[in-house]
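Fold and contact review
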Amino acid sequence: MTTKSSIILFAHGARDPEWAAPFRRIAARLREVRPNLPVQLAFLELMQPALADAVAAMAAEGITRITLVPLFLAQGGHLKEDLPRLLEDICHSHPGITIDVTQAIGDSEVLSSAIADWALARHLSLSA
């Protein structure tokens, strides 16, 4: 049996729909470089789809393995407490799906360095 895999980008959510624009660009970039890989953006609160709905949609497409990428800068209560509770319910509802959770993007040394480099470049351009 072939495993069908996908990526769910998981963000907090906000009342302002424009808040999600950077995350939508990340999802679009993934789809651009891997057009056959299902990619979904999901939210903890205030925006749709919710994580459970995104997983249900993937399950309906026959996805059996999901890489869940938390688009959070730090390991706060949402990732330490809320996400495990959500995943417990989701895995109970979809026992045929394996969900692998990556570290939060803020824990990535590569991204932390890129952000620091970007901040310094902005500073230098404004100070010139």
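Above this text you will find the structure in question.
Reference entry: report on the structure contained in this document. In this text the structure is predicted, and so the values were computed from the model without any measurement.

Moving on: the pairing of strand β1 (residues 5–11). Of all seven residues in β1, six are buried; the element is thus mostly enclosed. Pairing of β1 with strand β3 (residues 65–70) involves six bridges; the strand directions are parallel. If you follow Ile7 over to β3, its bridge partner there is Thr67. By the bridge criterion, five bridges tie β1 to strand β2 (residues 39–43) in an arrangement that is parallel. Across the sheet, residue Phe10 finds its bridge partner in β2, namely Ala42.

Another point: the packing of aromatic side chains. Under the definition given, this model contains three aromatic pairs. Both rings, one in Phe10 and one in Phe72, keep their centres 5.8 Å apart while their planes meet at 40°; by these two values the pair is tilted. On the criterion of sequence distance, the pair formed by Phe10 in strand β1 and Phe72 in the loop between β3 and α3 (77–93) is long-range, its members being 62 residues apart. Residue Phe72 is classed as buried on the basis of its relative accessible area of 9%. Grouped by ring-pair contacts, the aromatic residues Trp19, Phe23 and Phe43 constitute a single cluster.

What counts and what doesn't
Residues numbered from 1 in each chain as written. Predicted model: local features only at pLDDT ≥ 70, side-chain atom pairs only at ≥ 80, totals over all residues. Heavy atoms only, no water. Buried < 20%, exposed > 50% of the residue type's maximum accessible area, 1.4 Å probe, protein only. Helix = DSSP H or I, 4+ residues; strand = E, 2+ residues; numbered from the N terminus. Pairing = 2+ DSSP bridges. Phe/Tyr/Trp six-rings, centres within 6.5 Å; stacked < 30°, edge-to-face > 60°.

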